[in-house]
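Below, each chain spelled out in residue letters.
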Amino acid sequence: MQFPESWLREFCNPPLSTEKLAELLTMSGMEVEELRPVAPPFHGIVVAEILEAEQHPNADKLRVCKVNAGGAEPLQIVCGAPNARVGIKVPLATVGAELPPGADGKPFKIGVGKLRGVDSFGMLCSARELKLSEDHGGLLELPADAVIGEDIRKHLNLDDTLFTLKLTPNLGHGLSVFGVAREVAALTGAPLLKAEFPPVKPNTDDKLPVRIEATDLCGRFSGRIVKGIDTKAKAPAWMVQRLERCGQRSVTALVDISNYVMFEYGRPSHIFDLDKISGELVVRWGKPGEQLKLLNGNTITVDEKVGVIADAREVESLAGIMGGDHTAVSDDTRNVYVEAAFWWPEAVMGRGRRYNFSTDAGHRFERGVDASQTVEHLERITQLIIDICGTAESQVGPMDDQAPNVPVRKPVALRVARAAKVIGMPLTQAQCEGVFTRLGLPFSATEGIITVTPPSWRFDILIEEDLIEEVIRVLGYPTLPSTPPLAPIVAKTRSESRQATHALRRAVAARDYFETINFSFVEERWERELAGVTHPIKLLNPIAAPLSVMRTSLIGSLVQVLRHNQARRATRVRVFELGRVFKRDPGVANGPLTVAGIEQPLRLGGLAWGPADQQQWSQRDRAVDFFDVKGDLEALFAPQTVTFEAAEHPALHPGRSAVVKLNGETIGVVGELHPSWRQSYEISGDAPVVFELDLDAALTRTLPQGQPLPRQQVVQRDLALVLSNGVSHDALMTVITTAGGPLLRSAKLFDVFKPTTGSADLHIDERSLAVRLELLDDEATLTDERIEAVVSAIIAAAGSQLGARLRG
């Protein structure tokens, strides 16, 4: 929201400097993001009139002008502007004047010059030379009523400041100059100029039939016919200037009038070409397949969730957002229909973004526009149309006002004691009543309780806390006492069997992974292809069209991070994310931290791609593989033991993926990205390896327990067992651990041999696995007989259950 300070002070002029006023607004919640002067510093520039403009004797593109700057004699000025002509009034930099600083930061001083042999006693200026705009097509032409000799800063009101407010969505009532002035009046006690809207007397009975079919779309619709106007008329300079200082360029007089009232009172409106409307106007929801060409040139297709204004033939306007091209006013327009309506915020919200554009009107209606003054604001628009575009044949029709469903404000009660407790300082009921009176909030009071009925322009007052905010906002946050908290601070004791999320983050980072943070809303394609979810949770109002669903897996986000890094020539990527996913679950009920029907578990996901280690001289580069990431997971869970079982996952290579189990329960997946998705998502180089785990399982840990040092020596035995290639390592370890009994402390695979050709003791479809056994009895020294008994039991179990035999 941008506006000039001078416009604000016409409504409310408190005895505060510009800087103090900006600070007051910021501290009240209307953050002033920027203060910027309308024009840079310069002086010595006045209004002058060109009396003569003759061709320069020595230059084709120069003219020798005689100008009246209010002095005793005309001044001779040499000028090269193409529009320098007799009779126009322009800015003149007199001798000694200083123009705005240039690129070097130094002001440009005007002296007596000589151009091609002709003296020049000053300089006629363009808007660009004064740094008022980028227009450098010629001299800045001033209105005919400009006073000759008047300082240009005074004439153009250049000693003004532009306020830029950064308003939160709940401050829709501040999206107008009058709305900000109303806040300033409440904050300072300065008088507020009362807005008056004298009705324009109708002089014709012509009315356009309007029918409201969707009252949940439009709560009030006001309109009237204005005939016999001149749409080629120019908007007055004061209106164009104010619009430009609000960041809005001038278009045509009718458009400028509509925009002006929107900035003035926060009331978006629309003006139709009456002669292009067929029959009546109908306010309704769209129908699937209907199309509308908008004023911006885009053609859109609406459906039953988009509000429209239609006539008997076609859709003519996108309700509350933008008008249609077919009924747009033009230079040939003579009769118009002007409408001002109240559109329900829920009916407008997100519709513009759906079509990848936004408008000032939609921005305001999304936040709530006062439904009570459509007629008054329409009277203001009508009067401006008559004043600027009116002719002797102009006719104004009667006001047509329909209000089938205007908002009804529910009273909100404020407990004074509760307000004092929340704010943290003593409050009296009189102070609270004084705040509500200054804000223009109607209320009734009993002992200790004030019941406020929010006015029609306040859509943000719904609960008691909203009123408490208003009280301290108006009283001023600087009035809060600087007192330390009195409540005892007791640290929350965390169970040692569960580590903190930050500790887990540090542990993953120690494995050479970098943390990423991604949106929880993702592309629907990711969910379908990488998670196998055909019906994800869809967003009603996505921030971007592709990011339309909530994720059920972190894998898609991590793959996108890899793509982003590869596009920037990264050679090694190791990233992880600790984030939430969203799944449909009918068993979840509403609660303080839950939403009915949606499970929101936290997950830990990671991705590794590129060389397994940083490049170094002592070893060759080797691409990261499944076993590198498997080792990272084992290190994260140590001293707990995780197991891996071959399994399939929609995102992963069917032969190089596994589920991760802890204490027999599946807690996640790990594996290489599927070759199809590597090609589809344009992943170059070697296959990335990804994992995703339940966060709760990753946070659990086994508490260490002290044990005495063994008094006996450990005995080691090596076994080389021949097994079929189909027997997994986990199956072998399970058999050995079970058969080894209490004397077996550990069993580790230390060698694998696969023959290239078959032999008598090792067939081509077999392999040799060498396992080192560690045996220990804490109470007694192991004898050969006991050792051999354990070894024999292991060999026998492996032979009977897995078909293993000792290698010869």
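Above this text you will find the structure in question.
Anyway, here's the lowdown on the structure attached to this text.

The rules behind each value
Residues numbered from 1 in each chain as written. Predicted model: local features only at pLDDT ≥ 70, side-chain atom pairs only at ≥ 80, totals over all residues. Heavy atoms only, no water. Helix = DSSP H or I, 4+ residues; strand = E, 2+ residues; numbered from the N terminus. Contact = heavy atoms within 4.5 Å. Buried < 20%, exposed > 50% of the residue type's maximum accessible area, 1.4 Å probe, protein only. Polar contact = N/O pair within 3.5 Å; in protein donor to acceptor, adjacent residues only side chain to side chain. Salt bridge = Lys/Arg side-chain N within 4 Å of Asp/Glu carboxyl O. Pairing = 2+ DSSP bridges. 1 Å grid on protein atoms, 1.4 Å probe; cavity = no way out; pocket = protein on both sides within 12 Å on 5 of 7 lines; lining within 4 Å. Points joined across faces, edges and corners; volume = space filled by probe spheres on them. Nonpolar A, V, L, I, M, F, W, Y, C, P; charged D, E, K, R; others polar. Phe/Tyr/Trp six-rings, centres within 6.5 Å; stacked < 30°, edge-to-face > 60°. Lys NZ or Arg CZ within 6 Å of the ring centre and 35° of its normal. Patch = residues over 30% accessible without salt bridge, like charges linked within 9 Å, V, L, I, M, F, W, Y side chains within 5 Å. Areas by Shrake-Rupley, 256 points an atom, 1.4 Å probe, with all protein chains shown as cover. Disulfide = S-S within 2.5 Å. Core = buried A, V, L, I, M, F, W, Y, C linked by side-chain atoms within 4.5 Å.

With respect to the environment of Thr702
So, step 1. As for its position among the elements, Thr702 is in the loop between helix H19 (695–699) and strand S38 (715–724).
So, step 2. Sequence spacing of Thr702 and Gly323 is 379 residues, and the spatial spacing of their C-alpha atoms is 66 Å.
So, step 3. Once you skip the residues sitting within four places of it in the chain, Thr702 turns out to touch Pro639 and Gln640.

Description of the environment of Thr204
So, step 1. Considering the arrangement of structural elements, one finds Thr204 in the loop between helix H4 (177–188) and strand S12 (210–212).
So, step 2. Judged by its relative accessible area of 12%, Thr204 is buried.
So, step 3. Linking Thr204 and Thr666, residues 462 residues apart in sequence, is a C-alpha distance of 79 Å.
So, step 4. Not counting chain neighbours up to four residues away, the residues in contact with Thr204 comprise Gln395, Val396, Gly397 and Pro398.
So, step 5. Reaching out from Thr204, the side chain makes a polar contact with the backbone nitrogen of Asp206 at a distance of 3.4 Å.

A short note on the pattern of salt bridges
So, step 1. The tally for this structure, following the rule as stated, stands at 46 salt bridges.
So, step 2. Put simply, Arg153 and Asp159 hold a salt bridge, and the shortest N to O gap is 2.8 Å.
So, step 3. Residue Arg153 is classed as buried on the basis of its relative accessible area, which comes to 12%.
So, step 4. Taking the relative accessible area as the measure of exposure, Asp159 reaches 58% and is therefore exposed.
So, step 5. Bridged by salt links that share partners, the residues Glu183, Arg458, Asp460, Glu470 and Arg473 form one connected network.

Overview of the sheet that holds strand S40 (residues 766–775)
So, step 1. Here we have 4 strands laid out as an open sheet, ordered S39-S40-S38-S41, and antiparallel in their pairing. Of all strands in the sheet, those bounded by a partner on one side alone are strand S39 (744–753) and strand S41 (805–806).
So, step 2. Bridge analysis of S38 against S41 gives 2 bridges, and the strand direction is antiparallel. By the bridge assignment, Leu721 is partnered in S41 with Leu806.

Regarding the layout of surface pockets
So, step 1. When its volume is computed, the largest pocket comes out at roughly 1,200 Å³.
So, step 2. Lining the largest pocket are 32 residues, with Lys630, Glu634, Phe644, His729 and Asp730 sitting closest to its centre.
So, step 3. Elements that contribute at least two residues to the lining of the largest pocket include exactly helix H17 (626–637), strand S34 (642–646), strand S35 (652–662), helix H20 (729–740), S39 and S40.
So, step 4. By residue class, the composition of the lining of the largest pocket is 12 nonpolar, 10 polar and 10 charged.

Remarks on unusual backbone geometry
So, step 1. A cis amide bond links Ala638 to the next residue, Pro639, at an omega of 5°.
So, step 2. One non-glycine residue, Asp512, adopts positive backbone phi at about 80°.
So, step 3. Inspection of the secondary structure puts Asp512 in the loop between helix H14 (501–510) and strand S27 (514–515).
So, step 4. Here Asp512 falls in the partly exposed class, since its relative accessible area comes to 29%.

Comments concerning the packing of aromatic side chains
How two aromatic rings sit relative to each other is given by the distance of their centres and the angle of their planes.
So, step 1. Going through the model one piece at a time under the given rule, you end up with 15 aromatic pairs.
So, step 2. On the numbers, 6.2 Å between centres and 85° between planes, the contact of Tyr513 with Phe691 is edge-to-face. Here the residue Tyr513 occupies a position in the loop between H14 and S27, and Phe691 occupies one in strand S37 (residues 689–694), the gap between them amounting to 178 residues.
So, step 3. Note that Arg409 overlies the ring of Phe459, its terminal NZ or CZ placed 4.1 Å from the centroid.
So, step 4. Above the plane of the ring of Tyr681 lies Arg525, whose end atom (NZ or CZ) is 4.2 Å from the centre.

Section: helix H5 (residues 237–245)
So, step 1. Every buried residue of H5 is listed here: Met239, Val240, Arg242, Leu243 and Arg245.
So, step 2. Of the surrounding secondary structure, the elements contacted by the buried residues of H5 are strand S1 (2–4), helix H1 (5–11), strand S11 (161–166), helix H6 (253–265) and helix H10 (374–389).
So, step 3. Positive backbone phi, approximately 85°, marks Gly247, located one or two places after H5.

Description of a nonpolar patch on the surface
So, step 1. A contiguous nonpolar surface patch, about 230 Å² in accessible area, is contributed by Met27, Tyr477 and Leu480.
So, step 2. For Met27, the location among the structural elements is in helix H2 (residues 18–27).
So, step 3. Judged by relative accessible area, which is 37%, Met27 ranks as partly exposed.

Quick look at the state of the cysteines
So, step 1. Applying the stated criterion across every chain yields a total of 0 disulfides.
So, step 2. Between Cys12, a free cysteine, and Cys246, which holds the nearest cysteine sulfur, the sulfur-to-sulfur gap is 17 Å.
So, step 3. Free cysteine: Cys79, not disulfide-bonded; nearest cysteine sulfur from Cys65 at 5.3 Å.

Some details on the environment of Asp686
So, step 1. Structurally, the position occupied by Asp686 is in the loop between helix H18 (675–680) and S37.
So, step 2. For the pair formed by Asp686 and Val624, sequence separation is 62 residues and the distance between their alpha carbons is 8.3 Å.

Here's the deal with the sheet that holds strand S30 (residues 573–580)
So, step 1. Within the open sheet, the 7 strands sit side by side as S27-S30-S33-S37-S36-S35-S34. Their pairing is mixed. Looking along the sheet, the strands with just one partner apiece sit at the ends: S27 and S34.

Re the side chain of Gln640
So, step 1. Along the chain, Gln640 turns up in the loop between H17 and S34.
So, step 2. There is a polar contact of 3.0 Å between the side chain of Gln640 and the backbone oxygen of Thr700.
So, step 3. With residues near it in sequence (within four places) discarded, Gln640 still touches Leu662, Thr700, Arg701 and Thr702.

Concerning the nonpolar core
So, step 1. Phe3, Leu25, Leu165, Met239, Val338, Ile385 and Cys389 are the most contacted members of the largest nonpolar core, which totals 52 residues.
So, step 2. Broken down by element, this core gets its largest block of residues, 8 residues, from H6.
So, step 3. Not counting chain neighbours up to four residues away, the residues in contact with Met239 comprise Asp256, Ile257, Tyr260, Leu384 and Ile388.
So, step 4. In terms of nonpolar packing, the next biggest core, distinct from the first, is built from 38 residues, Leu217, Val302, Ala319 and Trp343 among them.

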